[in-house]
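Given next are the chains, with one letter for each unit.
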Amino acid sequence: MDKKTIVIETFDEIVELALKIENSDKTFKKAYVIDTNVILQNHLSPLLLSDNGENLIIITETVLQELDKFKVGIDDINFQAREFNRMLADAEIVKKLNNSVLIKKRKNEIEAYILLLKNKSTEEINDDKIIDTILLSEEKIKDIFGVNEIIFISNDIVFRTKVILKGGVAQSFLKEE
């Protein structure tokens, strides 16, 4: 990874954000980074993966930008993008900072914490922006939120391969283990 192409963000905002979680003892089993195609398949995927608040969901600014392009139209992916946007609009903001926002979403009896991260990568390709943003923050996210692993979730084999080549862990959505 060429250090000239990445702006390394400070983690003060993430530390402060973690302290603002309602229950100061709140930790997460895992963190899932969700790719755009997963949300376009099922807008409820963040809630499903959260395991009722047991797992932290991470969505980068690049994913939000990609979803924004799909919200107009009559196809199922357009519907999924709109429904996801409605879900975000209805979520409670736990803490809002310059480079990230932690939100909490409850739907029926399901609870999810979603960390929205501002993209800091200067890469041209969106997949690389998503991957680099998370890999630069990985250790701090693990330390602050108490997660043992960060897993990238994507249905795109090229995306998953890039994650693995860069040292991350990736799987497809609803993969049987």
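Structural data are supplied above this passage.
Residues numbered from 1 in each chain as written. Predicted model: local features only at pLDDT ≥ 70, side-chain atom pairs only at ≥ 80, totals over all residues. Heavy atoms only, no water.

### Structural notes on the packing of aromatic side chains
Our working rule: Here is the rule: rings of Phe, Tyr and Trp (six-membered ring for Trp) pair when centre to centre is within 6.5 Å. Planes less than 30 degrees apart are stacked, more than 60 are edge-to-face, and the remainder are tilted. Note on conventions: DSSP H or I runs of at least 4 residues are helices, E runs of at least 2 residues are strands, and numbering of each starts at the N terminus. For each residue, the accessible area found with a 1.4 Å probe, counting protein chains only, is set against the maximum for its type, and the residue is called buried under 20%, exposed over 50%, and partly exposed in between.
Taken as a whole and judged by the stated rule, the model has three aromatic pairs. Between Phe28 and Tyr113, the ring centres sit 5.7 Å apart and the planes meet at 70°, which makes this aromatic pair edge-to-face. Here Phe28, found in the loop between helix H1 (12-19) and strand E1 (30-34), pairs with Tyr113, found in strand E5 (residues 110-117); they are 85 residues apart in sequence, far enough to count as distant. On the basis of relative accessible area, Tyr113 is assigned to the buried category, the value being 3%.

### Side note on the sheet that holds strand E6 (residues 149-153)
Strands belonging to one sheet form pairs held by backbone hydrogen bonds; the direction of such a pair is parallel or antiparallel. The condition that has to hold: Pairing between strands is defined by DSSP: at least two bridges between them are needed. For helices, the fitted axis covers only the stretch in contact; all axes are lines through C-alpha atoms, and the angles between them, taken along N-to-C directions, range from 0 to 180 degrees. The contact rule is simple, with two residues in contact once any of their heavy atoms fall within 4.5 Å.
Read across the open sheet, the seven strands follow the order E3-E4-E5-E2-E1-E6-E7; overall the sheet is mixed. The sheet terminates laterally at strand E3 (92-96) and strand E7 (169-171), the two strands that pair on one side only. On average, each strand axis in the sheet is inclined to that of its neighbour by 25°, with strand direction left out of account. Against the sheet, helix H4 (residues 61-70) contacts E1, strand E2 (56-60) and E5, and its axis sits at roughly 65° relative to E2. Taken strand by strand, helix H6 (residues 126-145) contacts E1, E2, E5 and E6, and its axis lies near 150° from that of E6.

### Description of the packing of H4 against helix H5 (residues 76-89)
Applicable threshold: Angles below 35 degrees are treated as roughly parallel, those above 145 as roughly antiparallel, those between 65 and 115 as roughly perpendicular, and all remaining angles as oblique. Crossings are assigned a handedness: left-handed for a near helix turned anticlockwise from the far helix by less than a right angle, right-handed for a clockwise turn. Polarity classes work like this: nonpolar for Ala, Val, Leu, Ile, Met, Phe, Trp, Tyr, Cys and Pro, charged for Asp, Glu, Lys and Arg, and polar for all others, with Gly in that last group.
It is the contact of H4 with H5, at a shortest axis distance of 8 Å, that shows an interaxial angle of 125°. The angle between H4 and H5 falls in the class oblique. Of the two elements, H4 crosses H5, and the hand of that crossing is left-handed. The residues of H5 that touch H4, namely those facing Leu64, Leu67 and Phe70, are Ile77, Asn78, Ala81, Phe84 and Leu88. The class makeup of the residues in the contact of H4 with H5 is seven nonpolar, one polar and no charged.

### A word on the side chain of Asn55
Note the threshold: Polar contact criterion, stated in full: a pair of N or O atoms within 3.5 Å, where within protein one must be able to donate a hydrogen and the other to accept it, and residues adjacent in sequence count only if both atoms are side-chain atoms.
Relative to the helices and strands, Asn55 is located in the loop between helix H3 (45-50) and E2. Judged by its relative accessible area of 5%, Asn55 is buried. For Asn55, the side chain forms a polar contact with the main-chain nitrogen of Lys30, separated by 3.2 Å. Polar contacts involving the side chain of Asn55 include one to the main-chain carbonyl oxygen of Leu49, which spans 3.0 Å. Among residues more than four places away in sequence, those in contact with Asn55 are Phe28, Lys29, Lys30, Tyr32, Leu49, Ser50 and Tyr113.

### Details of the environment of Asn119
Locating Asn119 in the fold gives a position in the loop between E5 and H6. As a C-alpha pair, Asn119 and Ile131 span twelve residues in sequence and 10.0 Å in three-dimensional space. The contact partners of Asn119, leaving out residues within four places of it in the chain, are Glu61, Thr62, Lys129 and Thr133. Among the polar contacts listed, one links the side chain of Asn119 to the side chain of Thr133, at a separation of 2.6 Å.

### Details of the nonpolar core
Our working rule: Throughout this description, the term nonpolar core refers to a set of buried Ala, Val, Leu, Ile, Met, Phe, Trp, Tyr and Cys residues connected via side-chain atoms within 4.5 Å.
Counting residues in each nonpolar core, the largest one holds 46 residues, and the members touching the most others are Leu56, Ile58, Ile59, Ile141 and Phe152. Residue contacts for Leu56: discarding those within four places in its chain leaves Phe28, Lys30, Ala31, Tyr32, Leu102, Tyr113, Leu115, Ile141 and Phe145.

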